[in-house]
Amino acid sequence: MTGAPPSAAVVSSSEAGNVAETLSAHVETAHITLAPLMARPHAVHAYALPAAVAVAALLAVLLFCFLRPRKMKRVLLNYDVEGGSNAQGHVLPAAVLQAATDADVATLRQWLADERCVIDASAADGSTALHIAAKQGHANVIRLLIEAGADALCVDSEQRSALHHVAKAGHGLCVKALLDAGADVEGRDGEGKTPLQLAEANRHMGCLRMMRLGLERRSQSSDKAFRRAK
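Residues numbered from 1 in each chain as written. Predicted model: local features only at pLDDT ≥ 70, side-chain atom pairs only at ≥ 80, totals over all residues. Heavy atoms only, no water.

### Remarks on the nonpolar core
Across soluble globular proteins, you tend to see nonpolar side chains buried next to one another.
Right, on to step 1. Grouped together as the largest cluster of nonpolar side chains are 39 residues, with contacts concentrated most on Trp111, Leu130, Ile142, Leu145, Leu163, Leu178 and Met211.
Right, on to step 2. Sorting the residues of this core by element identifies helix H4 (94-102), helix H5 (105-113), helix H6 (129-136), helix H7 (139-147), helix H8 (162-169), helix H9 (172-180), helix H10 (195-201) and helix H11 (205-229) as the ones contributing at least two each.
Right, on to step 3. If sequence neighbours within four positions are ignored, Leu163 has contacts with Val175, Leu178, Leu179, Ala183, Asp184, Val185, Pro195 and Met211. (Core = buried A, V, L, I, M, F, W, Y, C linked by side-chain atoms within 4.5 Å. Buried < 20%, exposed > 50% of the residue type's maximum accessible area, 1.4 Å probe, protein only. Helix = DSSP H or I, 4+ residues; strand = E, 2+ residues; numbered from the N terminus. Contact = heavy atoms within 4.5 Å.)

Spelled out as structure tokens, the structure:
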């Protein structure tokens, strides 16, 4: 399924015609209202400026109410929530990519609520919405996506998971959410580097301590499970 990009969305000719008729009616009403004043020249100077301001404000409100909401609605209807598909799978819609970058939670919630949403859809570089939120350090967006079912083990074209990007940038507030979602602190990217190594190389000690603690706890849990299995 394809659709016009949000930036290309416009109001249809029929909608524009309706708006034009409405504006004309209001302008005519304003003219009738001002007619008595125009018949009395001595009153024109006293009331001309306030009347002009009132008419301009009315027109501005009408333009806002009739044009902007309809344009936004068309944007939301036209963007492809699945993004279509390519050889690698579903493509992340540009509107969602921007929302993840800007931490636009409202747009992301709308996308996630659509039954056609593919939460692990990726951009051209293989980045999912979770990767993008991780790069920007948006912990609230990361939690939102994970709660909606995003896979913390997805990797991009460089074989990096969201945790790799968090470790490299030093976004400590994002580490726990990704660890709780099953992110692998020892997973290797295309260069053979783990999130632990990236955090250490970039001297992000807070991230490093949290990941080591997470790894330790995971090891302890594995040991307990192994003993119970015996």
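Okay, back to it.
### A closer look at the confidence of the model for the protein chain
Right, on to step 1. Of the residues in the protein chain, 63% reach a pLDDT of 70 or more, and the chain-wide mean stands at 77.
Right, on to step 2. Every residue in residues 1-11 is under pLDDT 50, and counting partners more than four places away or in other chains gives 20 contacts.
Right, on to step 3. In this model, residues 69-88 is a region of pLDDT below 50 whose contacts with residues beyond four sequence positions or in other chains number 45 contacts. (pLDDT = per-residue confidence, 0-100.)

### Some words on the environment of Ala199
Right, on to step 1. Following the sequence through the fold, Ala199 ends up in helix H10.
Right, on to step 2. Taking the C-alpha atoms as reference points, Ala199 and Val166, separated by 33 residues in sequence, lie 8.4 Å from one another.
Right, on to step 3. With near-sequence residues (within four places) excluded, Ala199 lies in contact with Ala167, His204, Met205, Cys207, Leu208 and Met211.

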